[in-house]
Amino acid sequence: MGLLSLGTPLHWNDAKQYADHVRSHGIDQFLSVYRKQRSRQKQCLLWGDEVEYVVVKLDKENRQTKLSLRAFDILATLQKSEQDYLDGKTTQPPEALWRPEYGRFMIEGTPGQPYGATFRDLMMVESSMKKRRQLACAAMLPNEIPVTLVNYPRLGCPNELEIDAEPHGKACQSMFVPDEVINPHARFPTLTANIRRRRGAKVEINMPIFHDKNTPQPFIDPTIPYDREVFDHDKEAKNGAAKPDHIYMDAMAFGMGCCCLQITFQACNIDEARHLYDHLAPVAPIMLALTGASPIYRGYLADVDARWNVIAAAVDDRTAEERGLKPLKNDRFVINKSRYDSIDTYISNNDLFKNKYNDLDLVYDKDIYEKLRNNDVDDLLAKHMAHLFIRDPLVIFKELLDQDDENSMDHFENLQSTNWQTVRFKPPPPNSDIGWRVEFRSMEVQLTDFENAAFSIFIVLLTRVILSFGLNLYIPITKVDENMATAHKRGSVLNDKFYFRKNVFTSDGNRQPHAANGNGHIADEDEFELMTMNEIINGKDHGFPGFIPLIHSYLNSTNIDIETRCELTRYLSLISKRASGELMTGATYLRHLVTSHPQYKQDSVVSPEITFDLVNTVDRIAKGELKAPELLGDFDA
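My aim in this report is to walk through the structure given alongside it, one point at a time. A quick note: this is a predicted structure, and the numbers were derived from the prediction, not measured.

### Some thoughts on the environment of E609
And step 1. Here E609 is to be found in helix 23 (residues 608-622).
And step 2. Put simply, E609 and Y589 are 20 residues apart on the chain and 18 Å apart in space, counted from C-alpha to C-alpha.
And step 3. The contacts of E609, once residues within four sequence positions are left out, are H597 and Q599.

This is the structure:
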């Protein structure tokens, strides 16, 4: 959840005149924190997870599902324990913290307190997630359930909301979803509308259709109201925005209505945070593929397994000039990516870094870069910030234009929180005991608490391996981007290969770049190659040892008790078996539920009846009422 403020949000025509003001003061706010906190040291790791849920109304009698729009009624109940604690009405800290999300059908839950650095803390993760699911269920009506699906399969189809509303909303102007699905906080309708206004068109989302035996070729979606004339933008669909053989979506809700699993780490200091940022960036597409769990959009099976490109397109506010479709005239830059995308530059000054890894032609604001350099910010971090700040602030509250830059980070967060990248480098809030942090953002939420705990614990242990063993995971940024594209492909975990570094135990960046290999040939120590998911996770003969074996080597070097080690091995085994193909990914399993359904007509259509059975099945698996050996093997949900 990004920055939430109260006030009067400005229409884009008014807001854009203050863009330079927000950027300038945002950098001043960053510099204030940087000066005060750059030397801050924290003693040990703190971390937390974020799990997002879709609230579904499950009518078992009539075998129907509807999206519930009661998230704010539910949150009022869930947040009471936190508010009572903050108000001093109780000394008992809340078991979980709850926050709204973009969709009025979504809630987000985090642990009540951050986890620490011990193995005992790792053993608390699954029970915390199970408790959150129980708390969420208890706050809902008897026929409502919180499901950890990435997205509701039929969002944008008729009659899928508990309170039907026509898609005539002025904020998103969608042909498929009404504004009623949007969080009513002023930030969100304004963000939705201002993205469209700034872009000069509705967002354009096209996911390739999965061509089954009876899917028309070419597939021209018969559910698109091509001749609708409610808004001027309606003509875009028939003028080319809706592509043949694709599932067309036209609103921010299709992307920001997706749920994910995010992990935030507090590092010991700024240098460690930057080091983790860099080394988690090449891991991000690997984990996107391995956690892929979103093969259905707007009632159709897609030929992709992951959500990322949907969200990237859903918030793409770039104008035609910025997208390179027209010569630059009114805008400052041609920008190669959406605001929601993979990172564009490494930022660590660690000895392992080499300039050649940053092989993208980075677009950044030269004036902001100079301002940062003149205030003693090093080249890499200055370019990172100046790159983030090529964007415009999309939501500006009139009452918050003038701030105390020594005690506020609102203008900085306005830009920082709307650069949604695979990894996020997070400065400490002002006047806070919180340290420098890194947020890992690529993973898709899993169907069960066991899976979500397993992936969370895996990433935490991987960070310990990176730091303890001094791993070097650097590959060129352009190869990370290629891996992101690969990660979306249907079945990429089993069928595709990903660029990965061959030698992760290399010398630092200042040493001799070449060494003789076992055959007497001169090998580049920075060499990378295409590896399967199984090789990256489980290891390769006479090559990369694999993340799971490396984690076990790390655990062997620690003073860990046998019981805890056995529990951790359960989680790691799930990851290992997903990578090897012994167990299905979430996307493969959901696709299997659809294609094996007796009412599926091999035409790519996910009907209301199929959706009911899918949601009901997923809920029963998550509650431990139904075994799913293809997904979980012998593990209990």
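### Topic: the pattern of salt bridges
And step 1. Scanning the entire structure with this criterion turns up 49 salt bridges.
And step 2. Notably, a salt bridge pairs R274 with D378, separated by 2.7 Å at the nearest N-O pair. Within this pair, whereas R274 is found in helix 10 (residues 270-280), its partner D378 is found in the loop between helix 13 (366-374) and helix 14 (379-388), the two being separated by 104 residues in sequence.
And step 3. Given a relative accessible area of 3%, R274 falls into the buried group.
And step 4. Overall, D378 belongs to the buried group, its relative accessible area being 17%.
And step 5. Among the charged side chains, a network of salt bridges with common partners joins D20, R23, R198, D317, E322, R339 and D392.

### Let's talk about helix 16 (residues 449-469)
An α-helical segment advances 3.6 residues per turn. Residues three or four places apart therefore align on the same side.
And step 1. Over its 21 residues, helix 16 extends 30 Å from the first C-alpha to the last, a length consistent with the 30 Å expected when each residue adds 1.5 Å.
And step 2. Buried residues dominate helix 16, accounting for 18 of its 21 residues.
And step 3. Note on helix 16: the residue one or two positions beyond its end, G470, has a positive phi of about 60°.

### Some thoughts on unusual backbone geometry
And step 1. Residues Q217 and P218 are joined by a peptide bond in cis, for which omega reads 0°.
And step 2. Mapped onto the fold, P218 is located in the loop between strand 6 (205-208) and helix 8 (237-241).
And step 3. Positive phi is not limited to glycine here, since H542 has a value of about 55°.
And step 4. Its place among the elements puts H542 in the loop between helix 19 (533-538) and helix 20 (547-556).

### Observations regarding helix 22 (residues 586-595)
And step 1. Burial runs high along helix 22: seven of the 10 residues are buried.
And step 2. Among the residues of helix 22, those classed as buried are G586, A587, Y589, L590, R591, L593 and V594.
And step 3. For helix 22, the elements touching its buried residues are strand 9 (296-297), strand 10 (300-301), helix 21 (562-580), helix 23 and helix 24 (629-632).

### Let's talk about the environment of I368
And step 1. Relative to the helices and strands, I368 is located in helix 13.
And step 2. Residue classification places I368 among the buried residues on the basis of a relative accessible area of 10%.
And step 3. Separated by 345 residues in the primary sequence, I368 and R23 have C-alpha atoms spaced 8.6 Å apart.
And step 4. When residues no more than four places from it in sequence are discounted, the contact partners of I368 are R23, I27, A386 and F389.

### Digging into the side chain of R578
And step 1. Considering the arrangement of structural elements, one finds R578 in helix 21.
And step 2. Given the relative accessible area of 0%, R578 is considered buried.
And step 3. Reaching out from R578, the side chain makes a polar contact with the side chain of Q446 at a distance of 3.3 Å.
And step 4. Leaving out residues up to four positions away in the same chain, R578 has contacts with L290, Q446, E451, F455, V493, L583, M584, T585, G586, L631 and L632.

### Regarding the state of the cysteines
Covalent bonding between the sulfur atoms of two cysteines defines a disulfide.
And step 1. All told, the structure shown has zero disulfides when counted by the stated rule.
And step 2. This cysteine, C137, is not joined by any disulfide, and C259 carries the nearest cysteine sulfur, 14 Å off.
And step 3. Given the relative accessible area of 26%, C137 is considered partly exposed.
And step 4. Unpaired in this structure, C157 has its nearest cysteine sulfur neighbour in C258, at a distance of 14 Å.

Cut-offs and rules
Residues numbered from 1 in each chain as written. Predicted model: local features only at pLDDT ≥ 70, side-chain atom pairs only at ≥ 80, totals over all residues. Heavy atoms only, no water. Helix = DSSP H or I, 4+ residues; strand = E, 2+ residues; numbered from the N terminus. Contact = heavy atoms within 4.5 Å. Salt bridge = Lys/Arg side-chain N within 4 Å of Asp/Glu carboxyl O. Buried < 20%, exposed > 50% of the residue type's maximum accessible area, 1.4 Å probe, protein only. Expected span 1.5 Å × (residues − 1). Polar contact = N/O pair within 3.5 Å; in protein donor to acceptor, adjacent residues only side chain to side chain. Disulfide = S-S within 2.5 Å.

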